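What the coordinates show
Each chain, written out:
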Amino acid sequence: MEGQPPAPVERTSRWSQWFARLTAPQTRRVALLLVLVATAAFGGLDTVNKQVTPFKPGEDFNDGEYTVTVDRARLVDDLTGTYGRPEPGKKYLAVVTILRNDGTVPGRLRDQLDLRDVKGAEFFGAFRYRDGSAIQNLGPGLTEELVFSWQVSDSVAQSLDSVTIRVWKKTYTQLKVTYGGKEWIDTDNYGQIVVPVKEQA
Amino acid sequence: MKLRTPASRRALTVLGVVITVAAAAVVWQNLPTPTDVLGPFEVRGDAGTPVTGRGVEATVTSVRIAPEVNSVKPAGIWVVVDAALKGTRSTELTHSKLVVGPNTYTPSDVFSLDTLFGEITPDMTLRGSWVFDVAPALVAPESSDPLTLLIWAGDGRLDSQLAIRIPTQDSLFSRVDEVTLEKPETIAS
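Residues numbered from 1 in each chain as written. Chains lettered and ligands numbered in written order. Predicted model: local features only at pLDDT ≥ 70, side-chain atom pairs only at ≥ 80, totals over all residues.

What follows concerns the overall build of chain B. A count of helices and strands for chain B gives two helices and twelve strands. Expected size for 189 residues packed as a compact globule is a radius of gyration near 16 Å; at 25 Å, chain B overshoots this value by more than 25%. Counting only C-alpha atoms, chain B reaches 90 × 40 × 25 Å along its principal axes. Evaluated residue by residue, chain B yields a buried proportion of 29% over its 189 residues. (Helix = DSSP H or I, 4+ residues; strand = E, 2+ residues; numbered from the N terminus. Rg over C-alpha atoms; globule rule 2.2 N^0.38 Å. Buried ≥ 20, exposed ≤ 12 C-beta atoms within 10 Å, placed from the backbone.)

In structure tokens:
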């Protein structure tokens, strides 16, 4: 009887050689470079490090779509002139902000201010400061003083000395999956402001 | 018989991969947008004359620029577009936008009960107004920016969209101190 065919031994050897070549530092570097070049052609990889721009009350912050100036934050029992009456055991946290739409299309206001780390806070609405009317979006080239409001429980309100708000930077991007034209889409970068909270007398 | 050496085969493989990835990237960068594929078809017309699309017929009857509407002041300036709408074949929910120069505006939500928010039906004419809050510089007397009213029914996909040009030097166009809105009314055509 003839000996066993040598193929398995050779194949193992070939695979181990191929694997050794693949894991060689030089090959890894070339592979990484090729992957980066290929992903760049499709728009590139997302950045890992978020850029945070701190700003202060009264200072302008441009998020691409709006110029945002956060003025003050107050805890109030009712939002005078609006339809707002808080549920029992709750107050309104109202953040007075001046917004200017720098784009060419109407901008939504619902998620413009991202309130952070206030337990149980529920967004209530955005209102015009001058007459208390509700507002859903702001047209291009227009400036409006607005009140962004959230409902918070009395117990949370008592310990609220300041609030942290993020304003996400945006890019005007063509939608590719869902139907629609260009939309302002949040990026991974944001401006952040800490606003002192006062109880309205 | 082998026509190519292993080295040339490898080179051809690499070249093939590079060409395929580059071609895919070119296609990716030039993909048609959803509105290229499913967007509306424009039906152009002028204020003062009926403009008819698949689901809606519209006539812009006048345009007024005013600093106050129903005693309410705008963030910019009010542009009140008076129009008559008619359904052509079925009940439809209509939408509008006003394009002024480079900017696009949606109707203000301040007067939603007094303006043309609602459905239209065939053989019935709905008369009323849309009110837009517009940056004042775009409709200043010396401005040459054109106004175009866009009207469509439903979500507009693969449907007609009326684009009605509104000349600012026209008898239908006026500047007034205040506008009092009349509630929309429906009358049999």
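This is not the end of the story, as more comes after the structure.
This brings us to the confidence of the model for chain B. With 98% of its residues at a pLDDT of 70 or more, chain B shows a mean pLDDT of 91. Across the whole predicted complex the pTM is 0.85, and at the interface the ipTM reaches 0.85. (pLDDT = per-residue confidence, 0-100.)

Here we come to the environment of L158 of chain B. You can see L158 of chain B is positioned in the loop between β9 (147-153) and β10 (160-166). Note on L158 of chain B: 11 C-beta atoms within 10 Å, which makes it exposed.

What follows is about the interface of chain B and chain A. On the side of chain A, 22 residues touch chain B, which itself brings 23 residues to the contact. Of all elements in the fold, only α1 (6-29), α2 (34-38), β6 (103-105) and β8 (124-134) of chain B reach the threshold of two or more residues within the side of chain B that touches chain A. In terms of residue count, the dominant contributor to the side of chain B that touches chain A is α1 of chain B (four residues). Residue composition of the side of chain B that touches chain A, by class: 14 nonpolar, six polar and three charged. (Contact = placed C-beta atoms within 7 Å. Nonpolar A, V, L, I, M, F, W, Y, C, P; charged D, E, K, R; others polar.)

Turning to the domain arrangement of chain B, a few remarks are in order. According to the domain assignment, chain B consists of domain 1 (1-31) and domain 2 (40-188). Distance between the C-alpha centres of domain 1 of chain B and domain 2 of chain B: 55 Å. (Domains from an automatic or database assignment.)

This part takes up the pairing of β10 of chain B. All names here are of chain B. Across the seven residues of β10, five count as buried, placing the element largely inside the fold. Pairing of strand β1 (residues 41-46) with β10, which is carried by six bridges, proceeds in the parallel orientation. Counted as the bridge partner of D46 is R165 from β10. What sits between the antiparallel neighbours β9 and β10 is a turn of six residues, in which G154 has the positive phi angle 65°. (Pairing = 2+ DSSP bridges.)

Moving on, we come to α1 of chain B. Given a rise of 1.5 Å per residue, 24 residues ought to cover 34 Å, and the 35 Å separating the end C-alpha atoms of α1 of chain B matches this to within 8%. Across the 24 residues of α1 of chain B, zero count as buried, placing the element largely on the outside. (Expected span 1.5 Å × (residues − 1).)

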